Amino acid sequence: MQDVQRKIREEAKKLLAARSVDLIIGFEEASLPLRASPVFIHNEDDVEALVWNCFCENNLATYLTKVAGRKVAVVAKGCDSRSIVALIVEGQIKREEIIVIGIPCQGMVDRRKIEKEVQGEILEAGEKNDEVSVRGDDFEGVFKKEDYLYPSCRTCEYHSPVISDILIGEKIKENTELDEYAETIEYEKKSINERREYFGREMGKCIRCYACRQACPMCYCEECFVDNSYPKWIEKGLDLSDLAAWHIMRAYHQAGRCVDCGSCERACPMEVNLRFLTRKINKEVKDYFDFETGLDIKAPPPLTTFSPDDRQDFIHSGEESTGESRGD
Ligand code: SF4
Ligand code: SF4
Ligand code: SF4
């Protein structure tokens, strides 16, 4: 990690000194333990602030649409790089304006899971090799990183950046053996009532703070449908029907666009399981269109194009609509 961090700083310094970029987007030490914060570095004298560790969880591609038009270098894990590709494909950023500092990523540590293991407030945390150590007023603890990875990192297939201009560290082989949709398949097996009950329980926790939307690189609309007053798509309250409308529409907006980085879920203060919906959509997109977001800079998202060979069996005649037929 120290080696990767040193190289990130070296590369950032070179890019800024040569005026190859206007700014670097990376991570800095956060004021709270078990965290790193996104940072924007404009000056080569400030590159020592850049850090790399197992707490660098944000998807930094989120910031690229906000600085479009400027030449930017961005530190990118596998999932961030896929979002960068998706944003380029959607015409939101230009490939020639972005320098990708790619970092093969071993996975980020789930701070909430560690916090739940200890009695009291964690005051200090550190990372050494495969372990995270924490310390509070009257306790200490050491945790094996691989046991505390975020759910999205446990099902991650593409740890290495899919595009990079500068690669720091050894590429990690794609994890194609993974049964990545095992949980989604279990969910699909439930009865419609069980699925409804689970959906209501999860979405019922939502307080509509929209942190999930803000954390997502693909939620870049200047005006979100939930903020629209004319036409008004949904009410502002916490009635389950409005929560359902918000979450279902959000998930559908992600069809063919979500890279399953998990940033939305990590941003949620209520610990709503947001990925169960987007992963269901991702699985459908993969099954129907053989498409995974952000792997190919030339491939248009499936809902913006068509092929005569596309499957048609989702078009119902209207005669059979039990809702049980395909896990809808
Ligand atoms: S989803 Fe993959 S690339 Fe992204 S942080 Fe987790 S392990 Fe790293
Ligand atoms: S971050 Fe969580 S609580 Fe906030 S709107 Fe999203 S799901 Fe709801
Ligand atoms: S919906 Fe969530 S998991 Fe998907 S790209 Fe956005 S932040 Fe990442």
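Residues numbered from 1 in each chain as written. Chains lettered and ligands numbered in written order. Predicted model: local features only at pLDDT ≥ 70, side-chain atom pairs only at ≥ 80, totals over all residues.

Visitor: Residues and numbers for the overall build of the protein, please.
Guide: What the protein contains, in helices and strands, is 10 helices and 8 strands. Over its C-alpha atoms the protein spans a radius of gyration of 21 Å, differing by no more than 12% from the 20 Å that the globule rule assigns to 328 residues. Among the 328 residues that make up the protein, the fraction classed as buried is 34%. In the protein, once contacts between residues fewer than 6 apart in sequence are set aside, the share between residues at least 24 apart is 66%. (Helix = DSSP H or I, 4+ residues; strand = E, 2+ residues; numbered from the N terminus. Rg over C-alpha atoms; globule rule 2.2 N^0.38 Å. Buried ≥ 20, exposed ≤ 12 C-beta atoms within 10 Å, placed from the backbone. Contact = placed C-beta atoms within 7 Å.)

Visitor: So what's going on with the domain arrangement of the protein? Which residues, and what values?
Guide: By the assigned domains, the protein splits into domain 1 (2–108 + 149–304) and domain 2 (109–148). Taking only C-alpha atoms, the centre of domain 1 and the centre of domain 2 are 24 Å apart. Residue-level contacts link 9 residues of domain 1 with 14 residues of domain 2. Along the lines of polarity and charge, the residues of the side of domain 1 that touches domain 2 split into 7 nonpolar, 1 polar and 1 charged. (Domains from an automatic or database assignment. Nonpolar A, V, L, I, M, F, W, Y, C, P; charged D, E, K, R; others polar.)

Visitor: Tell me about the site of ligand 3, and name the residues and values.
Guide: Around ligand 3, a shell composed of 14 residues is seen, among which Cys-216, Cys-258, Cys-261, Ser-263 and Cys-264 lie nearest. Elements represented by at least two residues in the shell around ligand 3 include exactly α9 (263–267) and α10 (275–289). Its residues assigned to classes, the shell around ligand 3 shows 7 nonpolar, 5 polar and 2 charged. (Near = placed C-beta within 6 Å.)

Visitor: Let's hear about the nonpolar core: which residues, and what values?
Guide: If you look at the biggest cluster of nonpolar residues, it comprises 68 residues, and the most contacted ones within it are Ala-12, Ile-24, Val-74, Val-75 and Ile-84. Considering each element in turn, this core owes the most residues, 7 residues, to helix α2 (residues 78–89). (Core = buried A, V, L, I, M, F, W, Y, C linked by C-beta atoms within 7 Å.)

Visitor: Residues and numbers for the confidence of the model for the protein, please.
Guide: Here the protein shows a mean pLDDT of 93. Residues at 70 or above account for 96%. Confidence drops under a pLDDT of 50 for residues 321–328, and excluding neighbours within four residues, the segment shows 6 contacts in the predicted structure. (pLDDT = per-residue confidence, 0-100.)

Visitor: Give me the sheet that holds strand β7 (residues 140–144): which residues, what numbers.
Guide: Pairing is antiparallel in the open sheet, where 3 strands are placed in the order β5-β6-β7. Looking at the sheet topology across the chains shown, the edges are occupied by β5 (124–128) and β7. Here the average twist between neighbouring strands, direction ignored, is 20°. Of the strand pairs in this sheet, strand β6 (residues 131–135) and β7 are connected by 5 bridges, and their pairing is antiparallel. In the strand pairing of β7, Ser-133 is matched with Val-142. (Pairing = 2+ DSSP bridges. Axes fitted to C-alpha atoms, helices over the stretch in contact; angles between N-to-C directions.)

Visitor: I'd like a description of unusual backbone geometry, backed by residues and values.
Guide: The peptide bond linking Tyr-230 to Pro-231 adopts the cis configuration, its omega dihedral lying at 0°. Here Pro-231 shows up in the loop between α7 (211–215) and α8 (240–253). With a phi angle near 50°, Asn-129 is a residue other than glycine that sits in the positive phi range. Its location among the elements puts Asn-129 in the loop between β5 and β6. Overall, Asn-129 belongs to the exposed group, with 6 C-beta atoms counted inside 10 Å. The backbone phi angle of Asp-260 is positive, close to 60°, even though this residue is not glycine. Looking at the secondary structure, you find Asp-260 in the loop between α8 and α9.

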